[in-house]
Amino acid sequence: MKKILATLLAVLSLGVSAQTRTIPVVWPFAIGSPQANMVRSIIDSANKEQNKYQFILVNKPGAGGSIAANHVLEHDGPAVLASTSSFYIRPLLYKDSHNVDQFQIASTICTGQPVAIYSKKLSTLSEAQGREINIGVIPGSITTLVTKAIKRENPEIKIQEIPYKGTPDATTDMLAGHIDGSTDFIGKSISSRFDSTVKVWGITGTKNFGTFRTFAQQQVKGLDNVTNDYFMFVSSKTDTITRQELGRLFDANINDRTKALCEDDFGTVTVTPNNRLDALHQQTKSRWIQLTQGIARE
């Protein structure tokens, strides 16, 4: 009798596990960052809420997010790309990358995080005029776009872009005095690493934070709309019902921790109705095409 019960329990457990779909949520950047924790908080909450899907966070860093994007496209079955606006930028700046038309947005998370240029050697953007300076950037990301846009609009500023794998490495070298400046995102987690000797040349977007001046206020054009947004993408091959179901699940699990992590980077939690996601995808793509006009591909 015990053997029969054990067999029945085993069969039942196999039936339950067979109904659960494991879906990787692929993160393209540093796994220990507040942004990665923001995504982790969503999928952890979603795993506790239901049994149909089991989400696992998979880290595939490198190439400005392209490695992660192509990993999702090559995955056998549904997979999610949790990425930033660099998803749209890299194909416009680099020859070999992913195709953004192969994806659709499943959910929006956090929008409006501005980018800044920090320096210990120079206090203002005007001090850089007539000088050759080097700034740490992340290839294929918004940080690259910021330096390229400044060079385009201010030819008297000679910027040499020094590639780094991540913003923490670039910031560390800037603090040590090995490079003139670094690009990074405005946020509590970033500003806490700086002492009073570090200056902010300017920030992207239109919002002011304390004494930080926007680039637009300093007559540097083309950077007023540059902010870092976070999305959940799925392959265009994903059926509509699954995509919508995943989107609703992610939206429902944007919890207080997610909101706090987003706001700590001076972003805003944003939930976009499902029937507007396709239009948002096209609008965002067009926006980055416009912002990168005149910037040569590498």
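Before any of the text, the structure's been laid out above.
A quick note: this is a predicted structure, and the numbers were derived from the prediction, not measured.

Criteria and cut-off values
- Per chain, residues are indexed from 1 in the order of the written sequence.
- Where totals are concerned, whole chains, interfaces and linings use all residues; where local detail is concerned, this predicted model gives features only for residues with pLDDT of at least 70, and gives and counts side-chain atom pairs only at 80 or more.
- With hydrogens and water excluded, all non-hydrogen atoms of the structure serve as input to the side-chain values.
- When accessible area is computed with a 1.4 Å probe and restricted to protein chains, residues below 20% of their type maximum are described as buried, those above 50% as exposed, and intermediate ones as partly exposed.
- Secondary structure counts use DSSP, requiring at least four H or I residues in a row for a helix and at least two E residues in a row for a strand, with both numbered from the N terminus.
- One requirement defines pairing of two strands: DSSP has to find at least two bridges between them.
- The salt bridge criterion pairs a side-chain nitrogen of Lys or Arg with a carboxyl oxygen of Asp or Glu, the two atoms within 4 Å.
- Helix axes use the C-alpha atoms of the stretch in contact, all axes being lines fitted to C-alpha atoms, and the angles between their N-to-C directions lie in the range 0 to 180 degrees.
- With respect to orientation, any angle under 35 degrees is reported as roughly parallel, any angle over 145 as roughly antiparallel, any angle of 65 to 115 as roughly perpendicular, and every other angle as oblique.
- Helix crossings get a hand from a simple test, with the near helix turned counterclockwise from the far one by less than a right angle marking a left-handed crossing and a clockwise turn marking a right-handed one.
- We call two residues contacting when some pair of their heavy atoms lies within 4.5 Å.
- We call Asp, Glu, Lys and Arg charged. Ala, Val, Leu, Ile, Met, Phe, Trp, Tyr, Cys and Pro are nonpolar, and the rest, Gly among them, are polar.
- Here a pair means two rings of Phe, Tyr or Trp (six-membered ring of Trp) with centres within 6.5 Å. Their orientation is stacked below 30 degrees between planes, edge-to-face above 60, and tilted elsewhere.
- A ring has a charge above it when a Lys NZ or an Arg CZ is no more than 6 Å from the ring centre and no more than 35 degrees off the ring normal.
- Here a polar contact is recorded for every N or O atom pair within 3.5 Å, except that within protein the pair must consist of a potential hydrogen donor and a potential acceptor, and residues adjacent in sequence are included only if both atoms are side-chain atoms.
- Cysteine sulfur pairs qualify as disulfides if the two atoms are within 2.5 Å.

> When you look at the pairing of strand S10 (residues 228-235) in this model, what are you seeing that I'm missing?
When a strand is regular, its side chains alternate between the sheet's two faces. Of all the eight residues making up S10, eight are buried; the element is thus mostly covered by neighbouring parts of the structure. In S10, alternate side chains face the same way, and those of Asn228, Tyr230, Met232 and Val234 on one face and Asp229, Phe231, Phe233 and Ser235 on the other are all buried. By the bridge criterion, five bridges tie strand S3 (residues 80-84) to S10 in an arrangement that is antiparallel. Each residue of the ladder has a partner; that of Ser83, found in S10, is Phe231. Where strand S4 (residues 103-113) and S10 come together, seven bridges link them in antiparallel fashion.

> Looking at this structure, I do not really get the pattern of salt bridges. What am I missing?
Pairing is possible between side chains that carry opposite charge, provided their charged atoms lie close to one another. Enumeration according to the criterion identifies eight salt bridges in this entry. For Asp278, the salt bridge is made with Arg243, and the minimal N-O distance between the two is 2.9 Å. On the criterion of sequence distance, the pair formed by Asp278 in helix H10 (residues 277-291) and Arg243 in helix H8 (residues 240-252) is long-range, its members being 35 residues apart. The exposure class of Arg243 is buried, given its relative accessible area of 7%. Each of Lys148, Lys151 and Glu161 takes part in a single network of salt bridges with overlapping partners.

> When you look at the packing of helix H4 (residues 86-93) against H10 in this model, what are you seeing that I'm missing?
A pair of packed helices can be characterised by two numbers: the angle between their axes and the separation between those axes. Between H4 and H10, whose axes approach to 9 Å, the crossing angle comes to 45 degrees. Put simply, H4 runs oblique to H10. Considering the relative orientation of H4 and H10, their crossing is right-handed. For the pair H4 and H10, the contacting residues are Phe87, Tyr88, Ile89 and Leu92 in the first and His281, Thr284, Lys285, Trp288 and Ile289 in the second. Across the contact of H4 with H10, the residue classes tally to six nonpolar, two polar and one charged.

> I would appreciate a short explanation of the sheet that holds S3 in the present structure.
Two pairing modes exist for strands in a sheet, parallel and antiparallel, and in both the strands are linked by backbone hydrogen bonds. The sheet built from six strands is open, its strands ordered S2-S1-S3-S10-S4-S11 with mixed pairing. The sheet is open, and its two edges are formed by strand S2 (53-59) and strand S11 (268-269), each paired on a single side. On the sheet, H10 packs against S4 and S10 and is oriented at approximately 65 degrees with respect to S4.

> Would you mind going over unusual backbone geometry with me for this structure?
For residues other than glycine, phi is negative in most cases, and the peptide bonds are mostly trans. Unlike most non-glycine residues, Ala63 shows phi in positive territory, near 60 degrees. Mapped onto the elements, Ala63 comes out in the loop between S2 and helix H3 (66-74). Among the residues examined, Ala63 registers a relative accessible area of 33% and is labelled partly exposed. In this model, Phe266 sits at a positive phi of 55 degrees, which is unusual for a non-glycine residue.

> Explanation requested: the packing of aromatic side chains in the structure shown.
Remark: the centre distance and the inter-plane angle together describe each pair of aromatic rings, the angle taken between the planes. For the structure shown, the criterion picks out 11 aromatic pairs. Ring centres of Tyr88 and Phe231 lie 6.2 Å apart, and the angle between their planes is 80 degrees; on these two criteria the pair is classed as edge-to-face. Placement of the pair is Tyr88 in helix H4 and Phe231 in strand S10, with a sequence separation of 143 residues. Centre to centre, the rings of Tyr88 and Phe233 are 5.9 Å apart; their planes meet at 65 degrees, and the pair counts as edge-to-face. Here the residue Tyr88 occupies a position in helix H4, and Phe233 occupies one in strand S10, the gap between them amounting to 145 residues. Accessibility expressed as a relative area gives 0% for Phe233, which makes it buried. Grouping aromatic residues by their ring pairs yields a cluster made of Phe87, Tyr88, Phe103, Phe231 and Phe233. The lysine or arginine in question, Arg90, covers the ring of Tyr94, its NZ or CZ lying 4.2 Å from the ring centre. The ring of Trp288 has Arg287 lying over it, and the distance from NZ or CZ to the ring centre is 4.5 Å.

> Just checking my understanding: could you explain the side chain of Asp180 for this structure?
Tracing the backbone shows Asp180 in the loop between helix H6 (167-175) and strand S8 (181-185). The exposure class of Asp180 is buried, given its relative accessible area of 10%. Side-chain polar atoms of Asp180 contact the side chain of Lys121, separated by 3.4 Å. With sequence-adjacent residues up to four places away left out, Asp180 is seen in contact with Tyr118, Ser119, Lys120, Lys121, Glu132, Ile133, Asn134 and Met174.

> Hey, could you run me through the state of the cysteines in this one?
Here, disulfide denotes a covalent bond that connects the sulfur atoms of two cysteines. Inspection of every chain in the model, using the stated rule, returns one disulfide. A sulfur-sulfur separation of 2.1 Å characterises the disulfide bridge that pairs Cys110 with Cys262. Linking Cys110 and Cys262, the disulfide has an S-S dihedral of approximately 80 degrees and is accordingly described as right-handed. With a gap of 152 residues between them, Cys110 in strand S4 and Cys262 in helix H9 (residues 256-264) connect regions that are remote in the sequence.

Read these as geometric descriptors, not functional statements.
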